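Descriptive structure summary
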Amino acid sequence: MGHFGMQIQVRLFAALAETAGTRAFPLDVPAGSDAGAVREAVQAHFPQLRGLCGRAGIAVNAEYTGADHVVKEGDEIALIPPVSGG
Amino acid sequence: MGHFGMQIQVRLFAALAETAGTRAFPLDVPAGSDAGAVREAVQAHFPQLRGLCGRAGIAVNAEYTGADHVVKEGDEIALIPPVSGG
Amino acid sequence: MQSGAVLIQLTDEALDPAPLVESVRTDASGAVALFYGVVRDHNEGRKVLYLEYDAYRELAERQMRLVADEIVAAHDIERVAIAHRFGRLEIGETSLLVAVSSAHRAAAFDACHAAVDRIKQTVPIWKKEFWAEGGVWLDGTPVDSAGESPA
Amino acid sequence: MQSGAVLIQLTDEALDPAPLVESVRTDASGAVALFYGVVRDHNEGRKVLYLEYDAYRELAERQMRLVADEIVAAHDIERVAIAHRFGRLEIGETSLLVAVSSAHRAAAFDACHAAVDRIKQTVPIWKKEFWAEGGVWLDGTPVDSAGESPA
């Protein structure tokens, strides 16, 4: 942390959660990161997610958003694999 | 009945029954009558049904049939106003 | 082949959807579409107080079964159940239930809709509408065609 | 105008259709279409033993409400209620219920079908299929479009 970093909360679901072995964890990312950069950082942290993250959408604070959405300290960033409810 | 007549059972429903004041009655018709002739005989018996019988279908023994279906002694002939269930 | 019409009911008591749904569902079902026909408080600009349904019971039951068999034959579905009520029905009460099971949802929706249409066209049931000032038997679909097509 | 979404439920307990139907029906309703998504015993040629549903609960509830509002805005209907279950579901159990009320049946059927399609495309819920030899999270619809279109 400090001037150049911030902590956000990451949430994973379904195949992403199972493959990573966790559903939620804090992650330090550079200040000013957008959601797409967070998705990259998650893949750097869990290389086994590389294949799965490509088609994952992103939600910030429980709202769908684009990869260019700039995140803030404390935001909750969820990676959303292709949905299959119903 | 004799050689030239037979008795059938007539059933009426909905507006027909209400207008005639009855839901079921026996009727004597000539032997060899078809269902259309029975419908005519019902209208002769209850002139107030004239306007309503025009669009009425016919069922004999609880099966839809055409006006040319020949009826037998004891058959149940129902006049079926346009249906409006559901 | 077993008939796809599993429950056909014509009654003057309140309709219960649970046994219909249970009767159509199989372990291969992925979807059940259930339709409720409900008595509403208006029709053609008039305030409706209640309805009274008349039915030719023997033929109506036979015809409901025919519709169910027809729908099973024409659609990629599993089973159809139909219940219709007669007698006096108050606003909000259910006059008709149609349940259709299928592996997939599109066929279930299509078949259920088609069954409701067919029931209204061919089953010998009639409704009389009552307002504050009186009532009238509603006009409907002549059954010539209904008499012809199932034969 | 009052929201047409009257009951939105995401739960790990068995779904009960009665409160959904009661919540959508008004005295102006002539039709209620109710859809059941049911766990079936096969998928793509494989025998399925059970399913497990995962959900992003906060977003899923929000998204179910969005779908309901969207459907009310796009169709000539009255109200929409949606319930989705998560956790482990056995064969024959209900995973999804969608109820739609309308004065007339065609709109109720169309809107109910559209709502089910939309739920499957946009709500963050996932199913894992279990067979005798293992299991897999099913592939589904990427949510890029879902993320864009409601915004």
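Computed from a predicted structure; not experimentally measured. (Residues numbered from 1 in each chain as written. Chains lettered and ligands numbered in written order. Predicted model: local features only at pLDDT ≥ 70, side-chain atom pairs only at ≥ 80, totals over all residues. Heavy atoms only, no water.)

1. Overview of the overall build of chain C
Filter applied, for reference: The secondary structure listing takes helices from DSSP runs of H or I that are at least 4 residues long and strands from runs of E that are at least 2 residues long, numbered from the N terminus. Computation of the radius of gyration draws on C-alpha atoms alone. For the globule rule, the value is 2.2 Å times the number of residues to the power 0.38. Between two residues, a contact is recorded if the distance between any of their heavy atoms is within 4.5 Å.
Counting its secondary structure elements, chain C contains 4 helices and 10 strands. What you see in chain C, going N to C, is helices and strands ordered as β-α-β-β-β-β-α-β-β-β-α-β-β-α. In summary, chain C has a C-alpha radius of gyration of 16 Å against a globular reference of 15 Å for 151 residues, a match within 12%. In terms of overall dimensions, chain C has C-alpha extents of about 50 × 30 × 25 Å along its principal axes. Considering only contacts in chain C between residues 6 or more positions apart, those separated by 24 or more positions represent 74%.

2. So, unusual backbone geometry
With a phi close to 60°, A62 of chain A is a non-glycine residue in the positive phi region. Even without glycine at this site, A14 of chain B takes up a positive phi of about 50°. Its location among the elements puts A14 of chain B in helix α1 (residues 14-20).

3. Topic: the interface of chain D and chain C
Spelled out, the test is: Note on terms: buried area is the combined drop in 1.4 Å-probe accessible area of two parts once they are placed together, counting the loss on both. Only one rule defines a salt bridge in this text: a Lys or Arg side-chain nitrogen within 4 Å of an Asp or Glu carboxyl oxygen. Think of a polar contact as two N or O atoms within 3.5 Å of one another; within protein, one of them needs to be a possible hydrogen donor and the other a possible acceptor, and neighboring residues in sequence only count if both atoms come from side chains. Only Asp, Glu, Lys and Arg are considered charged, only Ala, Val, Leu, Ile, Met, Phe, Trp, Tyr, Cys and Pro nonpolar, and every remaining residue, Gly among them, polar. If DSSP finds at least two bridges between two strands, the strands pair.
Across the contact, 30 residues belong to chain D and 30 residues belong to chain C. In total, about 2600 Å² of surface goes out of reach between chain D and chain C, with carbon and sulfur atoms giving 61% of it. It is Y36, R105 and F109 of chain D that lose the most area in chain D upon contact with chain C, and together they represent 25% of the buried surface on that side. Inspection of the chain D/chain C interface yields 2 salt bridges. Measuring nitrogen to oxygen at the nearest pair gives 2.8 Å for the salt bridge that ties R105 of chain C to D117 of chain D. Counting across the chain D and chain C interface gives 11 residue pairs in polar contact (both at pLDDT 80 or more). At the level of elements, β2 (31-38) and α3 (105-122) of chain D are the ones that each hand at least two residues to the side of chain D that touches chain C. Along the lines of polarity and charge, the residues of the side of chain D that touches chain C split into 16 nonpolar, 7 polar and 7 charged. Examined bridge by bridge, strand β2 (residues 31-38) of chain C and β2 of chain D share 7 bridges and lie antiparallel to one another.

4. Side note on the packing of aromatic side chains
What characterises a pair of aromatic rings is the spacing of the ring centres plus the angle enclosed by the ring planes. Formally: Between 30 and 60 degrees the pair is tilted, below 30 it is stacked and above 60 it is edge-to-face, where a pair is any two Phe, Tyr or Trp rings, Trp via its six-membered ring, whose centres lie within 6.5 Å. The buried label goes to any residue with under 20% of its type's maximum accessible area, the exposed label to any with over 50%, and the partly exposed label to all in between, with areas taken from a 1.4 Å probe on protein chains only. Placement of a charge over a ring requires the Lys NZ or Arg CZ to be within 6 Å of the ring centre, with the centre-to-atom vector within 35 degrees of the ring normal.
This model, assessed by the stated rule, comprises 10 aromatic pairs over all chains. Consider the rings of F13 of chain B and W126 of chain C, whose centres lie 5.1 Å apart with planes at 15°: the pair is stacked. Residue F13 of chain B is found in the loop between β1 (5-11) and α1, and its partner W126 of chain C is found in strand β9 (residues 125-131); the two belong to separate chains. For the pair formed by F13 of chain B and W126 of chain C, the shared burial category is buried. The structure contains a cluster of three or more aromatic residues connected by ring pairs, namely F13 of chain A together with Y56 and W126 of chain D. Here R46 of chain C stacks its cationic end above the ring of W131 of chain C, 3.5 Å away from the centre of that ring. Between R88 of chain D and the ring centre of Y50 of chain D, over which it is positioned, the NZ or CZ distance is 3.6 Å.

5. Looking at the sheet that holds β1 of chain B
Each strand in a sheet pairs with its neighbour through backbone hydrogen bonds, running either in the same direction (parallel) or in the opposite one (antiparallel). All names here are of chain B. The following threshold applies: For helices, the axis comes from a line fit to the C-alpha atoms of the stretch in contact; other axes are also lines fit to C-alpha atoms, and the angle between any two N-to-C directions lies between 0 and 180 degrees.
With mixed pairing, the 5 strands of this open sheet are ordered in space as β2-β1-β5-β3-β4. Of all the strands in the sheet, the pair left with one neighbour each is β2 (24-30) and β4 (64-65). Bridging between strand β3 (residues 57-60) and strand β5 (residues 76-80) involves 4 bridges; their strand directions are antiparallel. When the bridges of β5 are listed, A59 appears paired with A78. Seen against the sheet, helix α2 (residues 35-45) touches β1, β2, β3 and β5 and runs at an angle of roughly 115° to β2.

6. Topic: the pattern of salt bridges
Throughout the structure, instances matching the rule amount to 28 salt bridges over all chains. Among the salt bridges present, the one from E58 of chain C reaches R11 of chain B, with a minimum N-O distance of 2.8 Å. One end of the pair, E58 of chain C, is in helix α2 (residues 57-74); the other, R11 of chain B, is in strand β1, on a second chain. The class of E58 of chain C is partly exposed, set by a relative accessible area of 41%. Ionic contacts of the salt-bridge type, sharing partners, join the residues R11 and E76 of chain A together with E58 of chain D into one network.

7. Quick notes on the interface of chain C and chain B
Taken together, the 30 residues of chain C in the interface contact 22 residues of chain B. Carbon and sulfur atoms supply 53% of the area buried between chain C and chain B, which totals about 2300 Å² over both sides. For the interface between chain C and chain B, the tally reads 5 salt bridges. Our count for the contact surface shared by chain C and chain B stands at 21 residue pairs in polar contact (both at pLDDT 80 or more). Of all the elements in the fold, those that place two or more residues in the side of chain C that touches chain B are β5 (50-55), α2, β8 (94-102), α3 (105-122), β9 and α4 (144-148) of chain C. Looking at the side of chain C that touches chain B residue by residue, the class counts come to 14 nonpolar, 8 polar and 8 charged.

8. Re the pairing of β2 of chain C
On a regular strand, each side chain points to the face opposite its neighbour's, so the side chains alternate between the two faces of the sheet. Residue and element names in this part refer to chain C. With 8 of 8 residues buried, β2 is to be regarded as a mostly interior element. Where burial is concerned, the two faces of β2 agree: the one with A31, A33, F35 and G37 and the one with V32, L34, Y36 and V38 are both buried. In this structure, β2 lies alongside β8, joined through 8 bridges in antiparallel fashion. Its bridge partner being in β8, A33 is matched across the sheet by V100.

9. A short note on the relation of the copies chain D and chain C
In plain terms, the rule: A least-squares fit on C-alpha atoms brings the copies together, and the residues used are those whose pLDDT is at least 70 in both copies.
Relative to chain C, chain D is turned by 180° and slid 0.0 Å along the rotation axis, the superposed coordinates differing by an RMSD of 0.0 Å. Taken together, the rotation angle and the small translation identify this as a two-fold axis. Of the C-alpha atoms belonging to chain D, the one lying closest to the rotation axis is found on L34 of chain D, 2.5 Å away. Here 100% of the contact residues of chain D are again contact residues in chain C; the copies associate through an equivalent surface.

10. Focus: the confidence of the model for chain C
Any region with low pLDDT has predicted coordinates that should not be read closely. Keep this limit in mind: Think of pLDDT as the predictor's per-residue confidence, scored from 0 to 100.
Mean pLDDT over chain C: 93, with 93% of residues reaching 70 or higher. This complex was scored by the predictor with a pTM of 0.95 and an ipTM of 0.94.

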